[in-house]
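Topology and contacts: notes
Here are the chains, one letter per residue:
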Amino acid sequence: MSITYQARQFFDGEKMHDNATVTVEGNQVLSLAPQPGAQMIHLDGLLAPGFVDVQVNGGGGALFNTDTSIEGLSRIREAHSRFGTTAMTPTLITDDIGRIETAAEAMAGAIEQQLPGILGIHFEGPHLSKPKKGIHREKFIRCITDAELAQFCRQDLGKVIVTLAPENVPADIIAELVSQGVHVCLGHSDADAETVMAALEAGATGFTHLYNAMSALTSRAPGMVGAAMADESSYAGLIVDLYHVHPLSARAAIRAKGTDRMMLVTDAMAHVGSDKSALPFFDTVIQREGDKLTIEDGTLAGSALDMASAVRNSHLHLGLPLTDCLQMAALTPARYLGLEHKLGKLLPGYQADMVLLNDQQQVEKCWIGGQPV
Ligand SMILES: [Zn+2]
């Protein structure tokens, strides 16, 4: 049974079309033409590839670190699909080895069950820089041992991203992680540019929330930010909630990296998709004021950002073409994960992960693998 969607506007992942059709059969896009016998559905809005979020800690009141279960993952996914995210790597922040093992076990279960929208796991820490820890708990920040390596290198977790500080993890360990299929991201780091370049040489391919919690770019010391901007092949995540990064700094970084290397991420906490303003975080509480999340001392504590807002902010406040914003939210993160033949476009053979946006770039409807969610 196939369905032909006729959309007032259609973004196939690279090009915008007016009054286009896309026919979905099963979980895939069958063609960009109406099919005889297919049910016809008219959509008054912009149909685009669903968003892919590679950094998302929680949603719907659930935080992955606390709700380390398949149910927790489902809740986080559901909360974000309301905002157009159709695929994600739930992100575990710095924690003890027991929690890392439990999170990995939950992810292995989700991957085995083919939980819709869950691509794999992002371990953000624990091998970070203490001076750049942000809200990560210092007591859990530590050197890498065989115990963490064994979890990161499991082959049953789907896509695995590890964010680490390269001054604290030797280049040969980075190379070993990469050889096991891990996507190594650099972040929460005070490394100088030379150390960063050595980590890229060893196989690291990404930067976690560019600018935030990393050595800054200055004239004589390029730091991690300078190295990230100068490097052509690596990817970077950017939190466009207008609190983490100034709009001009965001524009500068996007001009440097290009929309084919810059990924919009939410870094969302449990608050997204929840009406609670205060939610627990380890031994403290994260408070929401408007769209800003902080702990008691005022430190930014992740974000209350959703992907549709990231797209909208990039379009309205950074002044970028909507097509660029949609690419940074879908095709670029899909390519970063090596899934650009399956996700990030709506062409024949691609998974039917779709989002319908109204003229204010708010989500009207969302489908994962052709199924409305
Ligand atoms: Zn972080």
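Residues numbered from 1 in each chain as written. Predicted model: local features only at pLDDT ≥ 70, side-chain atom pairs only at ≥ 80, totals over all residues. Heavy atoms only, no water.

**Re the nonpolar core**
What counts here: Only buried Ala, Val, Leu, Ile, Met, Phe, Trp, Tyr and Cys residues count toward a nonpolar core, and they belong to the same one when joined by side-chain atoms within 4.5 Å. Partly exposed residues are those whose accessible area sits between 20% and 50% of the maximum for their type, while under 20% is buried and over 50% is exposed, using a 1.4 Å probe and protein chains only. Strands here mean DSSP runs of E at least two residues long; helices mean DSSP runs of H or I at least four residues long; both are numbered from the N terminus. Where each domain begins and ends follows an automated or database-derived domain assignment.
With 93 residues, the main nonpolar core has F51, F123, L177, L186 and L326 as its most contacted residues. Ranked by residues supplied to this core, first place goes to helix α2 (residues 97–112) with seven residues. When residues are assigned to domains, this core turns out to be shared by domain 1 (2–48 + 349–372) and domain 2 (51–336), each giving three or more. Counting residues in each nonpolar core, the second largest holds 15 residues, with Y5, V29, A352 and W367 among its members.

**A look at helix α8 (residues 307–316)**
Extensive coverage of α8 is indicated by the burial of eight of its ten residues. Among the residues of α8, those classed as buried are M307, A308, S309, A310, V311, R312, N313 and S314.

**Details of the UniProt feature "domain: Amidohydrolase-related" (unreviewed entry) in the chain**
Defined as follows: UniProt positions are given in the numbering used here, feature names are shortened, and annotations may be inferred rather than shown by experiment.
Under the UniProt annotation, the feature "domain: Amidohydrolase-related" (unreviewed entry) is placed at residues 47–373. In residues 47–373, the share of helix is 29% and the share of strand is 22%. The end C-alpha atoms are 15 Å apart.

**Considering the UniProt feature "active site" (unreviewed entry) in the chain**
Counted only if it meets this: Contacts are assigned to residue pairs with any non-hydrogen atoms lying within 4.5 Å of each other.
Here the UniProt feature "active site" (unreviewed entry) sits at D267. Tracing the sequence through the fold places D267 in the loop between β14 (262–264) and β15 (278–281). Exposure remark for D267: the relative accessible area of 7% places this residue in the buried category. What D267 contacts, discounting residues up to four positions off in sequence, is Q55, N57, E124, H209, I239, G302 and S303.

**Section: the state of the cysteines**
How we decide: A pair of cysteine sulfur atoms is labelled a disulfide when the two atoms are within 2.5 Å.
One pass over the structure, following the stated rule, counts zero disulfides. Among the cysteines around C143, which has no disulfide bond, C153 carries the closest sulfur, lying 17 Å off. By relative accessible area, C143 is classed as exposed at 58%. C153 sits in the buried class, given a relative accessible area of 13%.

**A look at the pairing of strand β5 (residues 51–56)**
Counted only if it meets this: When DSSP locates at least two bridges between a pair of strands, those strands are taken to pair.
The buried fraction of β5 is high, at six of six residues. In this sheet, strand β8 (residues 85–93) lies alongside β5 in parallel orientation, the contact comprising four bridges. The partner of V52 across the bridge, within β8, is A87.

**Description of the coordination of the zinc ion**
Applied cut-off: Distances decide who is a donor: an N, O or S atom must be within 2.8 Å of the metal, or within 3.2 Å for Na, K and Ca. Water is not included, so sites may look incomplete.
Only E124 (OE), H188 (NE2) and H209 (NE2) from the protein coordinate the zinc ion, and they sit 2.0 to 2.2 Å from it. The sequence pattern describing where the donors of the zinc ion fall on their chain is E-x63-H-x20-H. Pair noted here: E124 is in strand β9 (residues 120–124) and H209 is in the loop between β12 (206–207) and α6 (223–230), with a separation of 85 residues, a long-range link. For the residue pair E124 and H209, the accessibility class agrees, reading buried in each case.

**So, unusual backbone geometry**
With an omega dihedral of 15°, the bond running from G125 to P126 counts as a cis peptide bond. For P126, the location among the structural elements is in the loop between β9 and α3 (146–152). One non-glycine residue with positive phi stands out, namely N19, at about 45°. Looking at N19, the relative accessible area reads 55%, which means it is exposed. With a phi angle near 55°, D267 is a residue other than glycine that sits in the positive phi range.

**Quick word on the sheet that holds β15**
For clarity, the cut-off: Helix axes are fitted to C-alpha atoms over the stretch in contact, other axes to C-alpha atoms as well, and angles between N-to-C directions run from 0 to 180 degrees.
Reading across the sheet, the three strands line up as β15-β16-β17 and stay open at both edges, with antiparallel pairing between neighbours. The outermost strands of the open sheet, each flanked by one partner alone, are β15 and β17 (292–294). Mean inter-strand twist for the sheet, computed between neighbouring axes without regard to direction, equals 25°.

**Topic: a negative patch on the surface**
The criterion, for reference: Here a patch means residues that are over 30% exposed by relative accessible area and free of salt bridges, tied together within 9 Å if like-charged and within 5 Å if nonpolar (Val, Leu, Ile, Met, Phe, Trp, Tyr). Here the accessible surface of atoms and residues is derived via Shrake-Rupley with a 1.4 Å probe, and residues count as covered only by protein chains that are part of the display. Think of a salt bridge as a Lys or Arg side-chain nitrogen and an Asp or Glu carboxyl oxygen that are within 4 Å of each other. Charged-residue counts in this description rest on Lys and Arg as positive and Asp and Glu as negative, His and the chain ends being excluded. To locate a charge, the coordinates of NZ of Lys, CZ of Arg, CG of Asp or CD of Glu are taken.
On the surface, E167, D190, D192 and E194 cluster together into a negatively charged patch. Relative to the helices and strands, D192 resides in the loop between β11 (183–186) and α5 (193–201). Overall, the relative accessible area of 40% leaves D192 in the partly exposed class.

**Section: α2**
Owing to its 3.6 residues per turn, the α-helix aligns residues three or four sequence positions apart on the same side. What counts here: Multiplying 1.5 Å by the residue count of a helix minus one yields the expected span of that helix.
Under the 1.5 Å per step criterion, the end-to-end length of α2 is 22 Å for 16 residues, consistent within 8% with the ideal 22 Å. What α2 keeps buried is the set I100, A103, A104, A106, M107, A108, G109 and A110.

**Let's talk about the domain arrangement of the chain**
Heads up, the condition is: For any pair of parts, buried area is found by adding up, for both, the accessible area (1.4 Å probe) each one loses once the two are put together. Each residue is assigned to one of three groups, with Ala, Val, Leu, Ile, Met, Phe, Trp, Tyr, Cys and Pro labelled nonpolar, Asp, Glu, Lys and Arg labelled charged, and all others, Gly among them, labelled polar.
Annotation of the chain at the domain level lists domain 1 (2–48 + 349–372) and domain 2 (51–336). Once you take the C-alpha centre of each, domain 1 and domain 2 turn out to be 29 Å apart. Domain 1 puts 17 residues into the contact, and the matching count from domain 2 is 19 residues. When residues of domain 1 are sorted by the area they lose upon contact with domain 2, F11, Q361 and I368 head the list and together hold 41% of the total. The interface formed by domain 1 and domain 2 contains zero salt bridges. Those elements that provide at least two residues to the side of domain 1 that touches domain 2 are β4 (39–49), β18 (354–357) and β19 (363–368). Looking at the side of domain 1 that touches domain 2 element by element, the count peaks at four residues for β19. The residue inventory of the side of domain 1 that touches domain 2, partitioned by class, reads eleven nonpolar, four polar and two charged.

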